[in-house]
Amino acid sequence: MSYKTKSIETLHEELKSGQIKANELIQEAISEAKKYQKDYNFFVTIDENATYEGPIDNMLAGIPCAIKDNLSTKGMLSTASSNTLKDYIPIFDATAVEKLKEAGAVNIGKTVMDELGMGSTGTTAHTGIVYNPWDRKRMCGGSSSGSAAAVAAGIVPYALGSDTGDSIRKPAAYCGIVGYKPTYGLVSRFGLFAFASSLDHVGVLTRNVKDAAIVIDNIKGQDEKDMTSINLDQSLYQALDKKVAGKKLCYIKEICNIDEYENPSKELKESLTLFQKTLDKAKALGIKVEEVSIDKTLLSAIFPSYLCISCAEATSNDSNLTGILFGPRGTGKSVNQIMKDHRTKGFSPLIKRRFVIGSYVLQQENQEKYFKNAQRIRRLIVNKVNSLFEKYDGLILPCSAGPAPLLNQDNEEQISTNDILENHMAIGNFGGFPSITIPNGFVNDLPIGINITGKVLDDANVLNIAYAIESTMNYKNQIAKENTK
Ligand code: GLN
């Protein structure tokens, strides 16, 4: 059996018993990465020299992984898939990367993403489109596109990602894998290239829930280099016991009920039917599942508020991308001209559009109407969801209106502004809530996902519910069919 469908736990057991050797496993992963790179374009950089000489004393020791290209890796190119950073080599590791190294994890490469973390398609990277391993004609979602594709293709058992609106959880759904964004601050953001600091999370993409718990256990914890980071003195891995009888979940009628949609597509109908089937499986485990209602006006405001807040924060955070401190130096007679040249040539159209939105909503005369109103809406949504969490252990929802869309001409900004179903996962970022996507079956032979979100610092409970629901289905450790051939 190839290493490709094995969990972290199994690989660890095999490494410990000497059944497999770390460096052979790492070499195999590197050669698979190289072999499939031309088909899927997962990586910005593949580290062909990665090796491991340490002891197998930790679950991650000697096991290959991949890291999204917006996490700083000391001495290794970190571009955030942007032309403005195409030659940037950090002199330090992100805290999450440092902790992985301490655990003996072996990074074999940096993964392609939507430029600077903005986007949801995997089509805006300076090194080109990432293709979905289930079907090369389709996108894999974004912005953690290469991480999702590499895990789905079986190249690595896990990859780090980042999530500002749904950037771990949406590509996980489109690629038939698990994507987990822990509570805000549980993993330090130090060394993560900031997109929107109040919404940014570091998390992980894996092929089963247990592996997600193992990885986050190893990288979580308060960090003096990130003042928003927090501790959770509990092993997420050890909390997985599948004892979920009596737990309560709710789903939002306005998102999940087919009658809410005018002319629903066949894919949407099938996705919502699969969603209901999984609710039945959850009920069979003794979980109580109830329908709740949230004002549609409020739900429709999630996306515009997200866009306002994230673009405003991004415009400010990315103002250091001038070509002076990092990236290729622009040309011009004055400092302003040099910076303008660098930014004009460096950013893709999507980034420029977002900076225009960000600058507009931050202008003094617009702040009250746009930026501050977006913050108010964020607060209303978080309050509403927190009130649900007084009664429920979590919110369970479908991840999308269907499987990964086809790649086409205008797929750069795959965001339909009024589609609540496509954008609700930003709730997890608004509130900093722990949120996990797990595979939920197939529509047209392509994977779709289901998402569970819970209250702040209740990560163990959320993971345990996901773990129990995962065990009622057959998608654990699955890799994309094209790669199993
Ligand atoms: N799709 C969202 C966006 O386009 C999410 C991005 C993210 O989570 N990094 O901004």
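Everything discussed here concerns the structure shown above.
As the structure is a computational prediction, the values presented were derived from the model and not from experiment. (Residues numbered from 1 in each chain as written. Predicted model: local features only at pLDDT ≥ 70, side-chain atom pairs only at ≥ 80, totals over all residues. Heavy atoms only, no water.)

What to know about the overall build of the chain
Along the chain, the regular secondary structure elements total 17 helices and 13 strands. For the chain, whose C-alpha radius of gyration is 21 Å, the value lies close to the compact-globule estimate of 23 Å for 485 residues. Considering only C-alpha atoms, the chain reaches an extent of 70 × 60 × 45 Å along its principal axes. Residue burial in the chain is summarised as follows: out of 485 residues, 62% are buried. Summarising the internal contacts of the chain: among those between residues at least 6 apart in sequence, 76% fall at separations of at least 24. Accessible surface, the chain as shown: approximately 18,400 Å² in total, 50% of it carbon and sulfur. Treating the 55 positive side-chain charges of the chain as one cloud and the 56 negative ones as another, the clouds have centres 1 Å apart. (Helix = DSSP H or I, 4+ residues; strand = E, 2+ residues; numbered from the N terminus. Rg over C-alpha atoms; globule rule 2.2 N^0.38 Å. Buried < 20%, exposed > 50% of the residue type's maximum accessible area, 1.4 Å probe, protein only. Contact = heavy atoms within 4.5 Å. Areas by Shrake-Rupley, 256 points an atom, 1.4 Å probe, with all protein chains shown as cover. Lys, Arg positive; Asp, Glu negative; His and termini not counted. Charge placed at Lys NZ, Arg CZ, Asp CG, Glu CD.)

Re the pairing of strand β9 (residues 248-252)
A regular strand places its side chains so that they alternate between the two faces of the sheet. Burial within β9 is extensive, with four of its five residues counted as buried. When β9 meets strand β10 (residues 288-292), the two strands line up parallel, connected through five bridges. Across the sheet, leucine 249 pairs through a bridge with valine 289, a residue of β10. Bridge analysis of β9 against strand β11 (residues 394-398) gives two bridges, and the strand direction is parallel. Bridge pairing links cysteine 250 to leucine 395 in β11. (Pairing = 2+ DSSP bridges.)

Considerations on the sheet that holds strand β13 (residues 446-453)
An order of β1-β3-β2-β6-β8-β7-β12-β13-β11-β9-β10 is seen for the eleven strands of this open sheet, with the pairing classed as mixed. Edge positions in the sheet fall to β1 (43-46) and β10, since each has one partner strand and no second. Averaged over all pairs of adjacent strands, the angle between their axes in this sheet comes to 30°, without regard to strand direction. Direction of pairing for strand β2 (residues 64-68) relative to strand β6 (residues 158-163): parallel, over a ladder of two bridges. Paired with isoleucine 67 across the strands is leucine 160, a residue of β6. Lying over the sheet, helix α13 (residues 364-391) contacts β9, β10, β11 and β13, oriented at roughly 115° with respect to β11. (Axes fitted to C-alpha atoms, helices over the stretch in contact; angles between N-to-C directions.)

Points about helix α16 (residues 459-470)
Counted at 1.5 Å a residue, the expected span for α16 with its twelve residues is 16 Å, and the 16 Å between its end C-alpha atoms agrees. Most of α16 sits inside the fold, with twelve of its twelve residues counted as buried. If you check which residues of α16 are buried, you get Asp459, Ala460, Asn461, Val462, Leu463, Asn464, Ile465, Ala466, Tyr467, Ala468, Ile469 and Glu470. (Expected span 1.5 Å × (residues − 1).)

A short note on the pairing of strand β7 (residues 178-181)
Of the two faces of β7, the one lined by Val178 and Tyr180 and the one lined by Gly179 and Lys181 are each fully buried. As defined by bridge partners, β7 adjoins strand β8 (residues 201-206) across three bridges and the pair is classed as antiparallel. Its bridge partner lying in β8, tyrosine 180 is registered against valine 204.

Some points on the site of the ligand
The ligand sits among 13 residues. The nearest are Gly117, Thr164, Gly165, Ser167 and Tyr306. Take serine 167: an N or O atom from its side chain is 2.7 Å from a nitrogen atom of the ligand. A distance of 2.7 Å is found between an oxygen atom of the ligand and a side-chain nitrogen or oxygen belonging to arginine 354. Taken together, the residues of the shell around the ligand sort by class into three nonpolar, seven polar and three charged. (Near = heavy atom within 4 Å. Polar contact = N/O pair within 3.5 Å; in protein donor to acceptor, adjacent residues only side chain to side chain. Nonpolar A, V, L, I, M, F, W, Y, C, P; charged D, E, K, R; others polar.)

Describing the layout of surface pockets
Looking at the second largest pocket, its volume works out to about 250 Å³. Here the lining of the second largest pocket is built from residues that sort into nine nonpolar, four polar and one charged. (1 Å grid on protein atoms, 1.4 Å probe; cavity = no way out; pocket = protein on both sides within 12 Å on 5 of 7 lines; lining within 4 Å. Points joined across faces, edges and corners; volume = space filled by probe spheres on them.)

Observations regarding the nonpolar core
Ranked by size, the top nonpolar core spans 148 residues in total, and within it Ile108, Tyr158, Ile436 and Ile469 carry the most contacts. Ranked by the residues each element gives to this core, the list is headed by helix α10 (residues 302-317), at nine residues. (Core = buried A, V, L, I, M, F, W, Y, C linked by side-chain atoms within 4.5 Å.)

Thoughts on the side chain of asparagine 423
You can see asparagine 423 is positioned in helix α14 (residues 420-423). When its relative accessible area of 13% is taken as the criterion, asparagine 423 is described as buried. Here the side chain of asparagine 423 touches aspartate 419 through a polar contact of 3.2 Å, landing on its backbone oxygen.

So, the environment of threonine 273
Along the chain, threonine 273 falls in helix α8 (residues 266-284). On the basis of relative accessibility, which here comes to 43%, the residue threonine 273 falls in the partly exposed class. When the C-alpha atoms of threonine 273 and asparagine 257 are compared, they prove to be 9.6 Å apart, with 16 residues separating the residues in sequence.

Concerning the packing of helix α12 (residues 349-362) against α13
At their nearest, the axes of α12 and α13 sit 5 Å apart, and the two run at 100° to each other. Considering the angle they form, α12 stands roughly perpendicular to α13. Contacts from Tyr360, Val361 and Leu362 of α12 reach α13 at Gln364, Asn366, Gln367, Tyr370 and Phe371. Residues that form the contact of α12 with α13 fall into these classes: five nonpolar, three polar and no charged. (Parallel < 35°, antiparallel > 145°, perpendicular 65-115°, else oblique.)

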